[in-house]
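# Structural description and commentary
The lines below spell out each chain.
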Amino acid sequence: MSTNASHVDVFERKTDPRRIRQTLILGCLISFGLHFVLLAGLSLVRFAEKLEVFTSISSLIDEEADETIQPKFEATPTEQVGNESDSRFSASQEASSVLTRDPQNQLEKSIETTVEVAVPVTEELPQPSRSDLLSPVATSGSTEHAGGVEGAIDRLAWEIANSLREKKTLVVWLFDVSPSLSARREQIATRVENVYNQLNQLNVSADKALKSAVAVYGPTCTIVTDKPLDDAEELVQVVRKIKSESSGEENTFSAVLKVAKAFLPQRTEARRDVMIIVVTDEEGSDPDNLEQAITFCKKYGMRCYCVGDSAPFGRKNVEVPFQMEDGERVIGVMQKGPESRYAELLRLGYWGTNGHDFEDMSSGFGPYGLTRLCTETNGLYFVADAGRGRHSFDPAVMRNYAPDYRSIAVLDRDIQANRSKAALLECCLEVEREAQNRKVLSISMPRLDFRADNDTILRQELTEAQKPIADLDASLDYLMKRLEQGEKDRSKIKEARWKASYDLALGRTLALRVRAFGYNSMLAEMKANPKRFETSGNNHWRLVPAEEVTSGGAVKKLALKASEYLGHVMADHPGTPWALLAEREKAVPMGWQWQESRVEPPPTMAAGRQKSGPKFIDVEDPKTKVKTKKQVPDQPQRRDI
């Protein structure tokens, strides 16, 4: 009886509703606790992934800063290097497609779509987008030929409009105060009014979304506007009041850095886009400040633009005539180039013809420093003036020959890894040193006419003519051997610019070496065994170019190799400066031959000429009629002064 009662009691407890609810609640709490622990573990895994991504991005920023090291190659007046395509609408199109107006938001969105985690905001300052950090800088640069100053300003209007569609924008106009820029400043002042009218018509400058500032620079930088301007007319008046200064020094990159720091609050506090527009016609006198300017502008998402001139092909300085503000016309030596970091163009003179028409030849690209500044900050370099040279090249063709705008550290590693590139740069530096020291590589026209009144006179003249050519041949021999040491890596060169530069350098060096060696050989042979005139009365020998090379088998092989390399340049790179230079070189024959002729002696050599000495005249005394000799005093020489 007691046993049955206990079973009933247990059954009643199990079926008690209150106890059932308690059991269910306890089970739910246990289940919730287990799920909470599981979710917490998963969240820690996701946080670790997020931390890894954020750390990788930070390390990339650090690597960018570490790569601003000193170059292994010494920069020279004709520095350069090359890659694929030019123009924002070619290889740099990718960079422009990810151009961000709010770097912090772009960073978050980019990471969300690629790795599905969100990076926590750790600071208020805007940072570059993740795509900007992880994608390499476009090696093709960002040069545009917009059609003069007016075209460049109209194109800038489009850039400003795009910025205003995203957010409020500050445009900082940074003017070079050189006298040569006075006309360009006036053109821009006139065009700016039109630009702002266009922006008003597009209704993108409402609510004072667009502000402008003006700064000028020479040796130092001065910010002209105390605060950003809203009115276009006021901006034009400020630009027209800028006075020229002829200091001869333009510290461009320190000026960019100064205005970037001065207007940083507009970026970090007012949350505006900042566009810095440099207006100049030179490269800049302070290349050492380039990396600082790039690093600062990239860090805070400030884009740099430039309205400037095309750099001369493979040259640093050019002589340019321009008119001063007082009307005086002068010839100014201006640093307009080079278009690349290192000297890739082996600058040799031309034998038998001059190369003066190549001195101001346009490269089709802006100066290296300014173009790289624009490229690294997602801006543009606008070519407002292509120069005075007679030769011009299609920008569409030249896009494949753009200089290399990657960081100097990356560029140095690439050059050191290829013997052809390293040999070319070494030879370019050697030519510059030789030209500055001994002038032996200027390839001045050698003596071609020789008197042969007798064998003694002929030998004397031949000996004097051989001396400068012997020095030239020794220098050419060094260049030839050094370039040939790099031939093994020639097939590894992928960039069209490097291929054209190396092939042209070796082809021209070989051609000049064949001519110099052949010239010396012809003179040495004539000294040892003077030739006899076939026509009676002839008294001169003249050395003239000939297609056939008669200086021996080894020299003939060099001539054949020179023709092959020059032919490669002409066939593989048509419509480029390299092809034009190769064509000029190949047009001059590499052999020599003698021609006899008769040259009449000048009048001063004729027999019976008056002997030098004091002159006397007969003077008659009017009284005694006696004639006496009187010396005639020397007449002073007339000079135009």
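Summary of the structure given here.

## A word on the nonpolar core
Ranked by size, the top nonpolar core spans 102 residues in total, and within it Leu174, Val256, Ile276, Tyr519 and Trp594 carry the most contacts. Element by element, the count of residues in this core is highest for helix H18 (residues 496-528), at 15 residues. Those residues in contact with Leu174 that lie beyond four places of it in its chain are Ala215, Val216, Tyr217, Cys221, Ala255, Val256, Val259, Ile277, Val278 and Val279. Residues Ala209, Val238, Val239 and Met275 belong to the second largest nonpolar core, which totals 38 residues.

## Concerning the packing of helix H12 (residues 290-299) against helix H13 (residues 368-376)
One way to put it is that H12 packs onto H13 with a least axis distance of 10 Å and a crossing angle of 15°. One element, H12, and the other, H13, form an angle in the roughly parallel class. Every pair of crossing elements has a handedness; the one defined by H12 and H13 is right-handed. Judged by residue contacts, Leu290, Glu291, Ala293, Ile294 and Lys298 of H12 engage Tyr368, Gly369, Arg372, Leu373 and Glu376 from H13. Here the residues of the contact of H12 with H13 sort into five nonpolar, one polar and four charged.

## Quick notes on the state of the cysteines
Applying the stated rule across the entire model yields zero disulfides. Free cysteine Cys304: the closest other cysteine sulfur is in Cys297, separated by 3.8 Å. This cysteine, Cys374, is not joined by any disulfide, and Cys306 carries the nearest cysteine sulfur, 5.6 Å off. Looking at Cys374, the relative accessible area reads 1%, which means it is buried.

## Examining the packing of aromatic side chains
A full pass over the atoms with the stated rule returns ten aromatic pairs. Among the aromatic residues, ring-to-ring pairing joins Phe450, Phe533, Trp541 and Trp594 into one connected group. It is Lys261 that lies over the ring of Phe296; its NZ or CZ is 5.9 Å from the centre. Residue placement shows Arg508 over the ring face of Tyr350; its charged tip is 3.8 Å from the ring centre.

## Thoughts on the pattern of salt bridges
As enumerated under the stated definition, the model contains 36 salt bridges in all. Note that Asp404 is salt-bridged to Arg406, the shortest N-O span being 2.7 Å. Given the relative accessible area of 0%, Asp404 is considered buried. When salt bridges with common partners are traced through the structure, they connect Asp404, Arg406, Asp414, Lys421 and Glu495 into a single cluster.

So, how was this worked out
- Residues numbered from 1 in each chain as written.
- Predicted model: local features only at pLDDT ≥ 70, side-chain atom pairs only at ≥ 80, totals over all residues.
- Heavy atoms only, no water.
- Core = buried A, V, L, I, M, F, W, Y, C linked by side-chain atoms within 4.5 Å.
- Buried < 20%, exposed > 50% of the residue type's maximum accessible area, 1.4 Å probe, protein only.
- Helix = DSSP H or I, 4+ residues; strand = E, 2+ residues; numbered from the N terminus.
- Contact = heavy atoms within 4.5 Å.
- Axes fitted to C-alpha atoms, helices over the stretch in contact; angles between N-to-C directions.
- Parallel < 35°, antiparallel > 145°, perpendicular 65-115°, else oblique.
- Left-handed = near helix turned anticlockwise from the far one by under 90°.
- Nonpolar A, V, L, I, M, F, W, Y, C, P; charged D, E, K, R; others polar.
- Disulfide = S-S within 2.5 Å.
- Phe/Tyr/Trp six-rings, centres within 6.5 Å; stacked < 30°, edge-to-face > 60°.
- Lys NZ or Arg CZ within 6 Å of the ring centre and 35° of its normal.
- Salt bridge = Lys/Arg side-chain N within 4 Å of Asp/Glu carboxyl O.

Note that every value here comes from positions in space, so none of it alone points to a role or purpose.
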